[in-house]
Amino acid sequence: MDNYNISYLRQLEAESIHIIRETAAEFKNPVLLYSIGKDSSVLLHLALKAFAPGKLPFPIMHINTRYKFNEMIEFRNKVVDKYGLKLIEMINDEPTAKAMNPEQAHTDEYIYYKKTKPLLAGIKDNKFDAAFGGARRDEEKARAKERIFSVRDANNAWDPKRQRPELWDIYNTQLKEGESVRVFPLSNWTEKDIWMYIKKEKIDVVPLYFAQKRKVVKRNGVYLRLDEFVKPKDGEEVMELSCRYRTLGCSPSTGAVPSEAGTIDEIVEEVFGAKFSERETRAIDQGSSDSMERKKRDGYF
């Protein structure tokens, strides 16, 4: 990590902290959406830094599908205890959602009932007017259309044509009755920046990001780890693969990548040589070309 990279990371950090403080100052009731992944870990670290030495002045909210990796939930609970955070856990216990099985985890219906509906319920029930998210513009083309302050209508729907210009880092925080915003302080970060910052700041992340031998099967175009949610089907070959996760979501729909990177330095080296986005290991993103945009129009993160 040379001096140029350190200087650039400091610029990104300053921009993100400014956005977080601006949101806390301008909105009545913000919340931080915490997905437990690497981007969420960086976002939470920046938020804590923004208000240090005081405590985080808003809660964090996690949308739990009940099919998350056990390591993720253990990590979440450890972080909440460590920093004394107020955690809001949203779970959709409607019969339709509860009836869904791991085999459906890569479908649009699953995303709507297990993720979108509880997210929207959490925002509505708690009257949140601003929700921080850890999305980055380099992840996926629909997310590249997002503004930093992304307006949602009274139904929490996103319309890219209704987003406001943000020239010279001037943010319009005015809302009409019923509207809310999703705020993306990491918009200008890349996956490389995230890992360089994790290294610089010594930020803890879920151990699944580090390579180790795991038993996997190849399904829906990705390597799935065998666990309580993923069992081998007839005819599927069980492989022992040295692998790690570039992105984290639900166990039945999030694939691992073959890798020997067991340290932060090795991950940084690997990411710098990557030829595709980490989202390509998400089975939920391998539908139609506008799959993510349609989900976002429904209110998805």
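Residues numbered from 1 in each chain as written. Predicted model: local features only at pLDDT ≥ 70, side-chain atom pairs only at ≥ 80, totals over all residues. Heavy atoms only, no water.

(A) Quick peek at the pairing of strand β8 (residues 222–225). Of the two faces of β8, the one holding V222 and L224 and the one holding Y223 and R225 are both buried throughout. Taking the residues between adjacent antiparallel strands as the criterion, strand β7 (residues 212–219) and β8 are bridged by two residues, where N220 takes a positive phi near 55 degrees. (Buried < 20%, exposed > 50% of the residue type's maximum accessible area, 1.4 Å probe, protein only. Helix = DSSP H or I, 4+ residues; strand = E, 2+ residues; numbered from the N terminus. Pairing = 2+ DSSP bridges.)

(B) Spotlight on the packing of helix α6 (residues 191–201) against helix α7 (residues 264–272). At a closest axis distance of 10 Å, the pairing of α6 and α7 adopts a crossing angle of 165 degrees. With respect to each other, α6 and α7 are oriented roughly antiparallel. For the pair α6 and α7, the sense of crossing is left-handed. Facing E191, K192, W195, M196, I198 and K199 of α6, the residues of α7 in contact are I264, D265, I267, V268, V271 and F272. When its residues are assigned to classes, the contact of α6 with α7 shows eight nonpolar, no polar and four charged. (Axes fitted to C-alpha atoms, helices over the stretch in contact; angles between N-to-C directions. Parallel < 35°, antiparallel > 145°, perpendicular 65-115°, else oblique. Left-handed = near helix turned anticlockwise from the far one by under 90°. Contact = heavy atoms within 4.5 Å. Nonpolar A, V, L, I, M, F, W, Y, C, P; charged D, E, K, R; others polar.)

(C) Main features of the pairing of strand β5 (residues 149–152). Alternating residues of β5 divide into F149 and V151 and S150 and R152, and every residue in both groups is buried. In this structure, β5 lies alongside strand β6 (residues 180–183), joined through four bridges in antiparallel fashion. The partner of F149 across the bridge, within β6, is V183.

(D) Inspection of the pattern of salt bridges at higher detail. Tallied over the full model, the rule gives 17 salt bridges. Across the pair R76 and E89 runs a salt bridge whose closest N-O atoms are separated by 2.7 Å. With R76 in helix α3 (residues 70–83) and E89 in strand β3 (residues 87–90), this residue pair connects regions lying 13 residues apart in the sequence. The exposure class of E89 is partly exposed, given its relative accessible area of 35%. Here R244 and E270 are joined by a salt bridge, their closest N and O atoms 2.8 Å apart. Highlighted residues: R244 in strand β9 (residues 239–244) and E270 in helix α7, separated in sequence by 26 residues. Judged by relative accessible area, R244 falls into the buried class, the value being 0%. Taken together, the shared-partner salt bridges in this structure form one network comprising E13, K49, K200 and E201. (Salt bridge = Lys/Arg side-chain N within 4 Å of Asp/Glu carboxyl O.)

(E) Local environment of the sheet that holds strand β10 (residues 257–258). Taken together, the four strands give an open sheet; going across it, the order is β8-β7-β9-β10, and neighbouring strands pair in antiparallel fashion. Edge positions in the open sheet fall to β8 and β10, since each of these has one partner strand only. Pairing analysis gives four bridges linking β7 to β8, with the strands arranged antiparallel. Note that in β8 the partner of V216 across the bridge is R225.

(F) Region of the structure containing the packing of aromatic side chains. Enumeration according to the criterion identifies 10 aromatic pairs in this entry. Between F58 and F132, the ring centres sit 5.1 Å apart and the planes meet at 35 degrees, which makes this aromatic pair tilted. In this pair, F58 sits in the loop between α2 (38–51) and β2 (60–63) while F132 sits in strand β4 (residues 130–132), placing the two residues 74 residues apart along the sequence. F132 shares its class with F58; the two are buried. Note on Y67 and F229: the rings are 5.3 Å apart at their centroids and 80 degrees apart in plane angle, and the pair reads as edge-to-face. With a gap of 162 residues between them, Y67 in the loop between β2 and α3 and F229 in the loop between β8 and β9 connect regions that are remote in the sequence. We classify Y67 as buried; its relative accessible area is 14%. (Phe/Tyr/Trp six-rings, centres within 6.5 Å; stacked < 30°, edge-to-face > 60°.)

(G) Representation of the sheet that holds strand β1 (residues 30–33) within the structure. Read from one edge to the other, the open sheet built from six strands follows the order β3-β2-β1-β4-β6-β5, with strand pairing classed as mixed. Because the sheet does not close on itself, it has two edges, and the strands there are β3 and β5. Strand-to-strand twist of the sheet, defined as the mean angle between neighbouring strand axes without regard to direction, takes the value 30 degrees. The pairing of β2 with β3 spans four bridges and is parallel. Residue pairing across strands places M61 opposite I88, the latter belonging to β3. Sitting on the sheet, α2 is in contact with β1, β2 and β4, with an inclination near 145 degrees to β1. Running over the sheet, helix α5 (residues 108–125) touches β1, β2, β3 and β6 and is turned about 150 degrees from β2.

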